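Topology and contacts: notes
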Amino acid sequence: AHLEFGIDIDEVKYELENYRQALKPAEDKSIAVFLANIVNHFGAPENWADLTEDYFIALEDLPEYHLQETYKSILNNCKWFPKIAEIRANVPDTFHRQRHTFGKIKLIYSKIKEYNKCIE
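Residues numbered from 1 in each chain as written. Predicted model: local features only at pLDDT ≥ 70, side-chain atom pairs only at ≥ 80, totals over all residues. Heavy atoms only, no water.

Bringing the nonpolar core into the picture now. One finds F34, L35, L59 and L67 to be the most contacted residues of the largest nonpolar core, which totals 26 residues. Listed by contribution, the elements that provide at least two residues to this core are α1 (9-22), α2 (28-42), α3 (48-59), α4 (64-77) and α6 (93-119). Residues in contact with L35, not counting those within four places in the same chain, are W48, T52, Y55, F56 and L59. (Core = buried A, V, L, I, M, F, W, Y, C linked by side-chain atoms within 4.5 Å. Buried < 20%, exposed > 50% of the residue type's maximum accessible area, 1.4 Å probe, protein only. Helix = DSSP H or I, 4+ residues; strand = E, 2+ residues; numbered from the N terminus. Contact = heavy atoms within 4.5 Å.)

Close approach of charged atoms allows side chains of opposite charge to pair. Under the counting rule described, the total for this entry stands at four salt bridges. Across the salt bridge formed by K72 and E69, the nearest N and O atoms sit 3.1 Å from each other. Of the two residues, K72 and E69 are both situated in helix α4; the distance of three residues between them amounts to about one turn of the helix. In this structure K72 comes out as partly exposed when scored by relative accessible area, which is 46%. (Salt bridge = Lys/Arg side-chain N within 4 Å of Asp/Glu carboxyl O.)

Tallied over the entire structure, the rule returns four aromatic pairs. When the ring of F34 is compared with that of Y71, the centres are 6.1 Å apart and the planes differ by 75°; the resulting orientation is edge-to-face. Placement of the pair is F34 in helix α2 and Y71 in helix α4, with a sequence separation of 37 residues. F34 gets classed as buried once you look at its relative accessible area, which sits at 4%. Ring centres 5.1 Å apart and planes at 65° place the aromatic pair W48 and Y55 in the edge-to-face group. We note that W48, like Y55, is buried. Linked through ring pairs, W48, Y55 and F81 together constitute an aromatic cluster. (Phe/Tyr/Trp six-rings, centres within 6.5 Å; stacked < 30°, edge-to-face > 60°.)

In this section: a negative patch on the surface. A cluster of acidic residues, E27, D28, E60 and E64, forms a negative patch on the protein surface. Tracing the backbone through its elements, the reader meets E27 in the loop between α1 and α2. (Patch = residues over 30% accessible without salt bridge, like charges linked within 9 Å, V, L, I, M, F, W, Y side chains within 5 Å. Areas by Shrake-Rupley, 256 points an atom, 1.4 Å probe, with all protein chains shown as cover. Lys, Arg positive; Asp, Glu negative; His and termini not counted. Charge placed at Lys NZ, Arg CZ, Asp CG, Glu CD.)

Okay, here's the thing in structure tokens:
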């Protein structure tokens, strides 16, 4: 169905699904590998066993690609084992822009669906 101003709901739905896939969070195994690489590179903090779950929670929203890019950034920007805030600060801006755009596309999609119901 087309709106009068030329937006095709199927195209919006297609883009919505593309963003949904691009933002699909990494699996726990990937987060574990990420953290193991950080530990291997910087050495583990003394209380690492107590902190591991917090680090997992802090990373569980990151997609695989952004997790990999974050790791590269940490290697270039951190001298010591990074705190959670430092890891989040090294998440690429593209992740945040994609999340923002995804929210906009979801809103557009819901408005089109609402509009289509009104004209039926």
